[in-house]
Amino acid sequence: RPIPPASMSKLMTTYMLFEALRDGRVTMDTKFLVSEKATSRGGSTMFLRTGERVTVRDLIQGIIVQSGNDACITVAENIAGTEEAFAEQMTTRANEMGMTASTFGNATGWPHPNQRMSARDLVFLANELITKFPEYYGFFSQRSFTWDGVKQDNRNPLLNLGIGADGLKTGHTNEAGYGLVGSAKQGNRRIIFM
């Protein structure tokens, strides 16, 4: 059932960026220009400044650890030209992957009539991130990230419980309520849940 995913939809933004890295369209050291739209979004932020250029490596941490809406919009605009075009690409790619209950109106999870994902699609996407991009998956277990002198802790409460949790993403809006897509591994067994 399609439901508002809040910031858990940032998993799809991250997936799109990881594909761009894999395909060689960008590198970890590629610098993306930050727009006024990105810095004016509100909500969770990485505290980017309009006009600065930020590496893909830092933006990944801004999205995953800090849940930065500004980082998501910066990625979207630099990959697709506009956030709206990027959201269309997200929807197309999700449907190609079999996530037929997912549509996107933005890159952040900000409330939007087209921002919908099912629990099945979120768990499926988490598994795709873990299995297809193991070289980048470590970002999801990073406990904190400091940008421009501001240290923010990862919002995933499971990372500190000593249960083998190593990802993935929390989300909250008034519309969606609180949500979490999590994963933990003990021995050879991994569990992904929402």
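Look up: the structure comes first, before these words.
No experiment lies behind these values; they were computed from the predicted model shown.

K.L.:
What is the right way to look at the nonpolar core in this model?
P.N.:
Inside soluble globular proteins, nonpolar side chains tend to come together where they are buried. Among the nonpolar cores identified, the biggest contains 51 residues, and Met12, Phe18, Ile60 and Leu125 are the most heavily contacted of them. For this core, the secondary structure elements donating two or more residues are α1 (10–22), α3 (56–64), α4 (69–80), α5 (83–96), α6 (119–132), α7 (134–137) and β3 (144–147). Element by element, the count of residues in this core is highest for α1, at 8 residues. Beyond its immediate chain neighbours, meaning those up to four positions away, Met12 contacts Met90, Arg93, Ala94, Met97, Met99, Phe104 and Leu125.

K.L.:
Can you help me understand the pairing of strand β4 (residues 150–153) in this one?
P.N.:
Successive side chains on a regular strand alternate, one facing one side of the sheet and the next facing the other. Both β3 and β4 contribute to a ladder of 4 bridges, which runs antiparallel. Looking across to β4, one finds that Ser144 is bridged to Asp153. Counting the residues between successive antiparallel strands, the hairpin from β3 to β4 contains 2 residues, one of them, Asp148, with a positive phi of roughly 55 degrees.

K.L.:
Just to check I follow, could you spell out unusual backbone geometry for this structure?
P.N.:
Most peptide bonds are trans, and most residues other than glycine sit at a negative phi. Look at the link from Gly167 to Leu168: it is a cis peptide, with omega at 10 degrees. Summarising the element assignment, Leu168 is placed in strand β5 (residues 165–173). In this structure, Phe47 takes a positive phi of about 70 degrees despite not being glycine. With respect to the element layout, Phe47 can be found in the loop between α2 (36–40) and β2 (53–55). With a phi close to 55 degrees, Asp148 is a non-glycine residue in the positive phi region. Assignment of secondary structure puts Asp148 in the loop between β3 and β4.

Cut-off values and rules
Residues numbered from 1 in each chain as written. Predicted model: local features only at pLDDT ≥ 70, side-chain atom pairs only at ≥ 80, totals over all residues. Heavy atoms only, no water. Core = buried A, V, L, I, M, F, W, Y, C linked by side-chain atoms within 4.5 Å. Buried < 20%, exposed > 50% of the residue type's maximum accessible area, 1.4 Å probe, protein only. Helix = DSSP H or I, 4+ residues; strand = E, 2+ residues; numbered from the N terminus. Contact = heavy atoms within 4.5 Å. Pairing = 2+ DSSP bridges.

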